[in-house]
Amino acid sequence: GAVVSQHPSRVICKSGTSVKIECRSLDFQATTMFWYRQFPKKSLMLMATSNEGSKATYEQGVEKDKFLINHASLTLSTLTVTSAHPEDSSFYICSATSGALSGANVLTFGAGSRLTVL
Amino acid sequence: QQPVQSPQAVILREGEDAVINCSSSKALYSVHWYRQKHGEAPIFLMILLKGGEQKGHDKISASFNEKKQQSSLYLTASQLSYSGTYFCGTEETSGSRLTFGEGTQLTVNP
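Read on for a plain summary of the structure.

1. What about the overall build of chain A?
Per the secondary structure count, chain A includes zero helices and 11 strands. Overall, chain A shows an N-to-C arrangement of helices and strands of β-β-β-β-β-β-β-β-β-β-β. A globule of 118 residues ought to have a C-alpha radius of gyration of about 13 Å, and chain A, at 14 Å, matches this closely. Taken along the three principal axes of its C-alpha coordinates, chain A extends 45 × 30 × 25 Å. Expressed as a percentage of the 118 residues in chain A, the buried residues total 50%. Taking all contacts inside chain A whose residues are at least 6 apart in sequence as the whole, residues at least 24 apart take part in 53%.

2. Some thoughts on the packing of aromatic side chains
Residue and element names in this part refer to chain A. Counted under the stated rule, the structure contains seven aromatic pairs over all chains. The interplanar angle of 45 degrees and the centroid separation of 6.2 Å between the aromatic rings of F67 and Y92 together place this pair among those described as tilted. Highlighted residues: F67 in strand β7 (residues 67-73) and Y92 in strand β9 (residues 90-101), separated in sequence by 25 residues. Take F67 and Y92: they sit in the same class, and that class is buried.

3. Let's talk about unusual backbone geometry
Generally, phi is negative for residues other than glycine and the peptide bonds are trans, each holding for most cases. Across the junction of A:H7 and A:P8, the peptide omega takes the value 0 degrees, indicating a cis bond. Mapped onto the elements, A:P8 comes out in the loop between β1 (4-7) and β2 (10-13). Following B:S6, the chain continues into B:P7 via a peptide bond in cis, with omega recorded as -10 degrees. By the secondary structure assignment, B:P7 is in the loop between β1 (4-6) and β2 (9-13). Backbone geometry at A:S83 places phi at a positive 45 degrees, although glycine is not the residue there. Note that A:S83 resides in the loop between β8 (76-81) and β9.

4. What about the pattern of salt bridges?
Throughout the structure, instances matching the rule amount to three salt bridges over all chains. Between A:E59 and B:R97 there is a salt bridge whose closest N-O contact spans 3.1 Å. A residue pair is termed interchain when its members come from two chains, as with A:E59 in the loop between β6 (57-58) and β7 and B:R97 in the loop between β9 (84-91) and β10 (99-100). Exposure remark for B:R97: the relative accessible area of 38% places this residue in the partly exposed category.

The rules we used
- Residues numbered from 1 in each chain as written.
- Chains lettered and ligands numbered in written order.
- Predicted model: local features only at pLDDT ≥ 70, side-chain atom pairs only at ≥ 80, totals over all residues.
- Heavy atoms only, no water.
- Helix = DSSP H or I, 4+ residues; strand = E, 2+ residues; numbered from the N terminus.
- Rg over C-alpha atoms; globule rule 2.2 N^0.38 Å.
- Buried < 20%, exposed > 50% of the residue type's maximum accessible area, 1.4 Å probe, protein only.
- Contact = heavy atoms within 4.5 Å.
- Phe/Tyr/Trp six-rings, centres within 6.5 Å; stacked < 30°, edge-to-face > 60°.
- Salt bridge = Lys/Arg side-chain N within 4 Å of Asp/Glu carboxyl O.

Spelled out as structure tokens, the structure:
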């Protein structure tokens, strides 16, 4: 089955530094990947849609300059949290469209990255 | 528009049944169901497409009432492994992004 690998699974950084999270589709090509943020016991909130070879589409209220997304190849998308602050601490999850069933997208999720900003 | 899930949480004894509901105020193309265990990635369970279908595998099944814009997930004879948070995701048009509900936390006790 489709596998999405996300790295790192946990990262702790100091306030003001930048952190990069990678999302790779291992056995399929993903022209579109999605980045979510999840707070404890809360839903998956879509941050942005990452399109290979073009600019990401950000959801309302998500700072583009804060959360930089790069989708340089069909198997890799990266999320960089720039100048991280404690309020950026969260669980970040990526997903990729691993197939379609009658026009509906099937998503495969990465295992998530827990970011803690001190 | 975020779909509404109910209940928010449910606690079962092993072997009991549960129903989780997902409703939207908008017309839907599809409803997706995922289960997430603490600290892990959500795992895909099933997709239901408009047309009012039902699906199921093993003891987990789901229905989609297109007219009411509602979907229900049925867990019968629950097992300990069913514990987790269940999310429905809705798609308004074919290929559009998924919007997830707040989740239903299911706990199955021995």
